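Below, each chain spelled out in residue letters.
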Amino acid sequence: MEGEGAADADSSFEPIRTKEDFLVYGAPLIEEAEVAEIVDSVRSGWLGTGPKVKRFEEMFADYKGVDRALAVNSCTAALHLSMLVAGVGPGDEVITTPMTFCATINSILHAGATPVLADVDPVTMNIDPAAVEAAITPRTRAVIPVHFAGRPCDMDALGQIVKKHDLKLIEDCAHAIEAEFKGRKAGTFGDFGCFSFYATKNVTTGEGGMVLTKSQGDSERLKTLALHGMSNDAWHRYGDEGFKHYFVVECGFKYNMMDLQAALGLHQLARVQRGWERRAELWKRYDAAFADLPITCPAPAEKDTRHALHIYTILIDEEEAGLSRDQFLQAITRENIGVGVHYVAATEHPYYQDRFGWKPEHAPVASRIGWQTVSLPLSPRVSDHDAGCVIAAVRKILG
Ligand SMILES: *Cc1c(COP(=O)(O)O)cnc(C)c1O
């Protein structure tokens, strides 16, 4: 029951928004085109993997300027399959960032490998290439950078490291659909580029993901593994080209995307630029409105890069701000504004601590960020009025 206790005891407390009008963090903008396309899919009777998935894959490959893209049912699946196809398995170590969603770490475990953390840069919040280099052992097999909040990692430095040590590079692009580094698009640097279309992401299919691959061989193996390990012909077995048997060639997974999901993605991707421009407006407005507050706003995008503007984070240092991050979270929720935390550092989670002996001091920068960070509403669904409420609430609490 948010707001009860302190707030209600204080009869003068007037929230910035009403409870009925609670601003949900990360709510997607779904338009009539998506609704019509879903209805079309339902009426057509083709719900599963079919022509719309194929069109969505082609459209995504076009957007990225690459030859192949495979749609799957999540970014977690995309990461898991990428590691299997990269040959990552038991006994191998995979270096990644502590400033990420648990799915990045879990997918390494699903592949049977051991995650190894390299701390982040305090300004970019992206994995620090020097820390990656320092974490390499004879067992290191791959590196998974996350383009955090949509800010591209230093792909020059990471590219050199993986080349020098002959490692696989798998990009976690869950935040980074629109990101570019020196004119090259996120997801096209690594051996694999993995994307998420979860409900809060810059392009959504409800649940969904995509994998980009460099080689035809990797692409075929991914496709087989994504659908039970059935030979690739299975993807066409209900088509109009005559009956085809399928054969199981290895033990795969149930990771395929449905046409119902692609129906959303086709229109979401068509509007990707409009969404980015809207988030850019909100970003600028937040930057200007918070410039005089005792908090840290996101650093400007690096020269020669395009930031995908996925998450707007502020850092609250208790000593400077006069209240803790957790007190801020309570206070802004009481104003009926939904916020997020991206992320409590991976070193803080009990499962990983028990299994790998991780401690917050193993990644001190990520740990500090994890205790100071708050993500403010930033989707194209956020109206000018909504943004005004967010600003008023933040200033009311911190001003
Ligand atoms: C959302 C997210 C994922 C997982 O994506 P799903 O599509 O939900 O599996 C992985 N990594 C990061 C950084 C994410 O934000």
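Refer to the structure printed above.
Small disclaimer: the values here were computed from a predicted structure and weren't measured.

Cut-off values and rules
- Residues numbered from 1 in each chain as written.
- Predicted model: local features only at pLDDT ≥ 70, side-chain atom pairs only at ≥ 80, totals over all residues.
- Heavy atoms only, no water.
- Pairing = 2+ DSSP bridges.
- Helix = DSSP H or I, 4+ residues; strand = E, 2+ residues; numbered from the N terminus.
- Axes fitted to C-alpha atoms, helices over the stretch in contact; angles between N-to-C directions.
- Contact = heavy atoms within 4.5 Å.
- Core = buried A, V, L, I, M, F, W, Y, C linked by side-chain atoms within 4.5 Å.
- Buried < 20%, exposed > 50% of the residue type's maximum accessible area, 1.4 Å probe, protein only.
- Phe/Tyr/Trp six-rings, centres within 6.5 Å; stacked < 30°, edge-to-face > 60°.
- Lys NZ or Arg CZ within 6 Å of the ring centre and 35° of its normal.
- Near = heavy atom within 4 Å.
- Polar contact = N/O pair within 3.5 Å; in protein donor to acceptor, adjacent residues only side chain to side chain.
- Areas by Shrake-Rupley, 256 points an atom, 1.4 Å probe, with all protein chains shown as cover.
- Nonpolar A, V, L, I, M, F, W, Y, C, P; charged D, E, K, R; others polar.

(A) Layout of the sheet that holds strand β4 (residues 140–144). Here we have seven strands laid out as an open sheet, ordered β1-β9-β8-β5-β4-β2-β3, and mixed in their pairing. This sheet does not close on itself; its edge strands, each paired only once, are β1 (69–72) and β3 (114–117). Direction aside, the axes of adjacent strands within the sheet are offset by 25° on average. Two elements, β4 and strand β5 (residues 168–172), share two bridges in a ladder whose sense is parallel. By the bridge assignment, Val-143 is partnered in β5 with Leu-169. The strands touched by helix α4 (residues 75–85) are β1, β2 (93–96), β4, β5, β8 (192–196) and β9 (209–213); relative to β8, the strand with the most contacts, the crossing angle is about 165°. Here helix α5 (residues 102–110) sits on the sheet in contact with β2, β3, β4 and β5, set at roughly 145° to β3.

(B) Quick look at the nonpolar core. Counting 32 residues, the largest nonpolar core has Tyr-286, Phe-290, Ile-314, Phe-328, Leu-376 and Val-394 as the members making the most contacts within it. For this core, the secondary-structure elements that each account for two or more residues are α10 (272–290), β11 (312–315), α12 (325–334), β12 (373–376) and α15 (384–398). With eight residues, α15 is the largest single contributor of residues to this core. Filtering out sequence-adjacent residues up to four positions away, Leu-376 remains in contact with Tyr-25, Tyr-286, Phe-290, Tyr-312, Ile-314, Ile-332, Val-339, Val-390 and Val-394. Counting 26 residues, the second-largest nonpolar core is a separate cluster that includes Ile-108, Ala-111, Ala-113 and Tyr-255.

(C) View of the packing of aromatic side chains. Summed over all chains, the structure comprises 15 aromatic pairs. A centroid spacing of 6.1 Å and a plane angle of 70° characterise the contact between Phe-181 and Phe-189, whose relative ring orientation is edge-to-face. Per residue, the accessibility class of Phe-181 equals that of Phe-189, and both read buried. One cation-aromatic arrangement involves Arg-306 over Trp-276; the distance from NZ or CZ to the ring centre is 4.1 Å. Its guanidinium or amino end placed over the ring of Phe-13, Lys-396 lies 4.7 Å from that ring's centre, counting from NZ or CZ.

(D) Fine view of unusual backbone geometry. A cis amide bond, omega 0°, links His-342 with the succeeding residue Tyr-343. Here Tyr-343 shows up in the loop between α12 and α13 (350–356). Non-glycine residue His-228 carries a positive phi angle of around 65°. Examined against the element boundaries, His-228 turns out to sit in the loop between α8 (216–226) and α9 (259–270). With relative accessibility at 37%, the residue His-228 sits in the partly exposed group.

(E) Representation of the environment of Lys-359. Note on placement: Lys-359 falls in the loop between α13 and α14 (364–372). Through-space distance from the C-alpha of Lys-359 to that of Gly-208 is 32 Å; in sequence the pair is 151 residues apart.

(F) A look at the site of the ligand. For the ligand, the set of nearby residues contains 16 residues, the closest of which are Thr-76, Asp-172, His-175, Ser-196 and Lys-201. Thr-76 has a polar side-chain atom sitting 2.5 Å from an oxygen atom of the ligand. If the ligand stood free it would expose 380 Å²; the protein chains cover 94% of that surface. If you list the elements that add at least two residues to the shell around the ligand, you get α4 and α5. Looking at the shell around the ligand residue by residue, the classes come out as seven nonpolar, seven polar and two charged.

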